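Chain by chain, the residues:
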Amino acid sequence: MTETTANSVPAFASLGLSAPVLKAIAEMGYSTPSPVQAGAIPAVLEGRDVMAAARTGTGKTAGFALPLVERLSQSAPAGARKIKALIVTPTRELAAQIDENVTAYSRHLKLRNAVVFGGVKINPQISRLSSGVEILTATPGRLLDLHSQKAIDFSDLETLVLDEADRMLDMGFIHDIRRLLKLLPTKRQTLLFSATFSDEIRGMANKLLNDPVAVEASPRNTTAEKVEQHIHTVEKSHKPSLLKHLIIKENWHQVLVFTRTKHGANRLATKLEKSGISAAAIHGNKSQNARTKALAGFKNGEVRVLVATDIAARGLDIEQLPQVVNYELPNVPEDYVHRIGRTGRAGASGRAISLVSSDERKELGGIERLLKGKLKRVEVEGFVPEIDVEPEREPRQPRGGQRSGGQRTGGKPAGEGRGNGGQRSGGQRSGGQRTGGKPAGEGRGNGGQRSEGQRSGGARSGGQRTGGQPQQTARVDDDNRGNRAPVQREVDGNRVAPQPEVNGNRAPNAPSNDERPRRRSRGGRNRSSGGNGGGRSNG
C-alpha cells in the first residue's frame, strides 16, 4: 500500500484536470484543493485503487468525483442500461448531494449522470437508465432492485466508489455490498472514502483493494479544530427542558439535534413544536418527500430545529450550520465524529454540544477514548444532575494469582470463578474441576485438577461427565462476558438452580446460553437415563 499524507497542496491545474473541469470548479468558487483532493485526484486519474480518510467537510466528494468526470470525459459513452462508474452511498440525502456535485463538475462536458434511491417510484429510474449513464450514484437497496429487474447492466463498469465506506462495510450494509460485489466485474478500480476507518473496517477494506494508495489527509478519527466541543451533564428526564432552555437562552435560529431512535426524534420534535419552537424530524421511516421538505425548510430558515437520527450525519451539507446538539450520544463512537462534522465545514467555526445523562457513561467513555482526550464539562444552572456521569474506567486484568475470581493452584480445587491453570491429569470432564470422582466445586475451573477418574457418559449439562453421580457445579455463560452465573446443582438427575424451576422449566434469568437444549421425554421431564442434558447412565 502506498501512503501519502497529502500535506502539500498544489493548484487544481497541476493535478491533471482539463480546461472544462477547471472552468466548472472555478465557477463554483473552488480555488485551492484540500489535502484529501490533492492526494486522491492524481491517484484516481492514474487508475489506482484509493483508500482516503479525511474529516467531514474537507471536500472528499470532489476528491473522487472530479477525477471520475475527467477520466470518463475521455472514454466512449456507456451503452444501453450500462454504466461506467458507480458511486454507492448509505443515505438518500448523500446520494442526491453527490449527484448534484457531479452535475456541476461536468456542466461543460457531454457526460450523463443519474441518481437512484428508495422511497420514490422506481419506473422513472428505470426509464432514466434505459439509454445508459456514465456516472450513477445509488443507495444499495434500490440498486439491487434495479438489477433484479434487469434495468441495469454492470458488465462495462470501470470504477466503484464506496462513499462513507466505514458505514457501507459495517453490519448495516455489508450483506448488500457483498451481493453487489458478486455482480460487478472483478477487474475494476475501487475507491473507498470516509471520515473514519476502524481497524476492523480497514482490514475488510484491504481485501477489496489492489495495491491501494492510502490518503491520510488528517489524523485518524479526528474532528475539525474549529469546532468547539463540550458536554452538559443532566438528568435524562430533564433533557427536553435543557434543550429548550439552550435554544431560547442562546437564541439559536438553526440547530441540528441528533437522537438515537426514529421514535425519539418524532417525540422530541413534537415536544419542541408544542413549546412554540418550529421543529421537524428526519429519519428512515419518513417518506422521501417528507425528508426533502424538512431539509429544505431547515435550510431556508422555516424550521428552527431539525431532529435527526444518524442517517443525517452522513451527507447533510448545510453551509454555515452554527451548532449541532447530541441529544443522546451515539452507540458507535465513530458516529460522533460524523455527527459533529455537520458544523465547522470547509474551515468555518461551529459548536458541538452533547447532553449527557448517567446512563450514557459507557458511550461517553468510548467517544473520549476515540478522540484521545476528555470533552469539556459545562454545568448549566438548574440542570446539574445529582448522579455523577463520569465514565467508568476499564478494569484491568490481574497479573498472576487469581483470574476472574478463580484460583490457579497446583492441586487444590478451583474456587468460585474460572481458574485457568492448575493440574490437568485426565479424569472427569466438568464445568468445574476435573477430579477422580468427586463433585466439582462451584464455578468453572478450566484446567483445575484432572486426575485419573471417570469419563463415561455421566451428566453432561455444563458440568461433570460422570457415571450418573450428582453434580454440584455452575457454568459461566460465555455470552455473559465473564459475569458469574448462579451456582447450579443436580439432584437425582434434575437440575436445581438458586432461581426457582417449576417442573423442570428454567427461571427466566438462569443462564444457559451455552447448554444444549433439552428434549421432553415421554415419561416427563425427569430423565435419569437417556436424553441430552439430564442424568446420563451407561446402564
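From a predicted model like this one, the values you see are computed outputs, not experimental measurements.

What counts and what doesn't
- Residues numbered from 1 in each chain as written.
- Predicted model: local features only at pLDDT ≥ 70, side-chain atom pairs only at ≥ 80, totals over all residues.
- Heavy atoms only, no water.
- Buried < 20%, exposed > 50% of the residue type's maximum accessible area, 1.4 Å probe, protein only.
- Helix = DSSP H or I, 4+ residues; strand = E, 2+ residues; numbered from the N terminus.
- Arc of directions from axis to C-beta.
- Contact = heavy atoms within 4.5 Å.
- Pairing = 2+ DSSP bridges.
- Right-handed = clockwise from strand over helix to strand, strands pointing away.
- Axes fitted to C-alpha atoms, helices over the stretch in contact; angles between N-to-C directions.
- Salt bridge = Lys/Arg side-chain N within 4 Å of Asp/Glu carboxyl O.
- pLDDT = per-residue confidence, 0-100.

As for helix α8 (residues 174-183)
1) Next: Every buried residue of α8 is listed here: Ile174, Ile177 and Leu180. The buried side chains of α8 occupy one side of the element, clustering within an arc of 120° when seen end-on. Summarising the geometry of α8, the exposed residues directed more than 90 degrees from the buried face are Arg179 and Lys182.
2) Next: On the buried face of α8, the contacting elements are β3 (83-88), α6 (140-148), β6 (159-163), α7 (165-168) and α9 (199-208).

What about the environment of Glu46?
1) Next: With respect to the helices and strands, Glu46 occurs in the loop between α2 (35-45) and β2 (50-53).
2) Next: What makes Glu46 exposed here is its relative accessible area of 61%.
3) Next: Note: C-alpha distance between Glu46 and Pro67 (21 residues apart in sequence) is 9.4 Å.

Comments concerning helix α1 (residues 19-27)
1) Next: All of the buried residues along α1 are Val21, Ala24 and Ile25. Down the axis of α1, the buried side of the element spans an arc of 90°, and every buried residue falls inside it.
2) Next: Buried positions along α1 lie against α3 (60-72) and α4 (92-105).
3) Next: At the exit of α1 stands Gly29, carrying a positive phi of roughly 90°.

Side note on the pairing of strand β12 (residues 305-308)
1) Next: Burial along β12 is two-sided: Val305 and Val307 and Leu306 and Ala308, pointing in opposite directions, are all buried.
2) Next: Pairing geometry for strand β11 (residues 279-282) and β12, over four bridges, is parallel. Note that in β12 the partner of Ala281 across the bridge is Val307.
3) Next: Note on the crossover from β11 through helix α12 (residues 288-300) to β12: the handedness is right-handed.

A word on the sheet that holds strand β13 (residues 323-326)
1) Next: The parallel open sheet is built from seven strands, whose spatial order is β11-β12-β10-β13-β14-β9-β15. On the outer flanks of this sheet lie β11 and β15 (376-377), each paired with one strand and no other.
2) Next: The pairing of β13 with strand β14 (residues 350-356) spans four bridges and is parallel. By the bridge assignment, Val324 is partnered in β14 with Ala352.
3) Next: Of the strands in this sheet, β10 (255-258), β11 and β12 touch α12, which is tilted by about 140° from β12.
4) Next: Along the sheet, helix α13 (residues 333-340) makes contact with β9 (227-233), β10, β13 and β14, crossing β13 at roughly 155°.

A word on the pattern of salt bridges
1) Next: Following the criterion strictly, the structure yields 15 salt bridges and no others.
2) Next: We note a salt bridge from Asp156 to Lys82, for which the minimum N-O separation is 3.4 Å. Of this pair, Asp156 sits in the loop between α6 and β6 while Lys82 sits in the loop between α3 and β3, placing them 74 residues apart in sequence.
3) Next: By relative accessible area, which is 31% here, Asp156 ends up partly exposed.
4) Next: Since its relative accessible area comes to 23%, Lys82 is described here as partly exposed.
5) Next: We note a salt bridge from Glu360 to Lys239, for which the minimum N-O separation is 2.9 Å. Pair noted here: Glu360 is in the loop between β14 and α14 (361-371) and Lys239 is in helix α10 (residues 239-249), with a separation of 121 residues, a long-range link.
6) Next: Of the residues examined, Glu360 reaches a relative accessible area of 1% and is grouped as buried.
7) Next: For Lys239, a relative accessible area of 3% corresponds to the buried category.

A short note on the side chain of Asp166
1) Next: Within the element layout of this structure, Asp166 appears in helix α7.
2) Next: Accessibility expressed as a relative area gives 8% for Asp166, which makes it buried.

Focus: the confidence of the model for the protein
1) Next: Predicted confidence across the protein gives a mean pLDDT of 76, with 67% of residues reaching 70 or more.
2) Next: In this model residues 401-493 is a low-confidence stretch, pLDDT under 50, and it forms 234 contacts with partners more than four residues away in sequence or in other chains.
3) Next: pLDDT under 50 marks residues 495-539. Its contacts with residues more than four places away, or in other chains, come to 84 contacts.

Some thoughts on the pairing of strand β5 (residues 133-138)
1) Next: Among the six residues of β5, six are classified as buried, and the element is accordingly described as predominantly covered.
2) Next: Bridge count between β3 and β5: five bridges; the pairing is parallel. Bridge assignment links Ile87 to a residue of β5, and that residue is Thr137.
3) Next: Once you follow strand β4 (residues 113-116) into helix α5 (residues 123-129) and on to β5, the crossover reads as right-handed.

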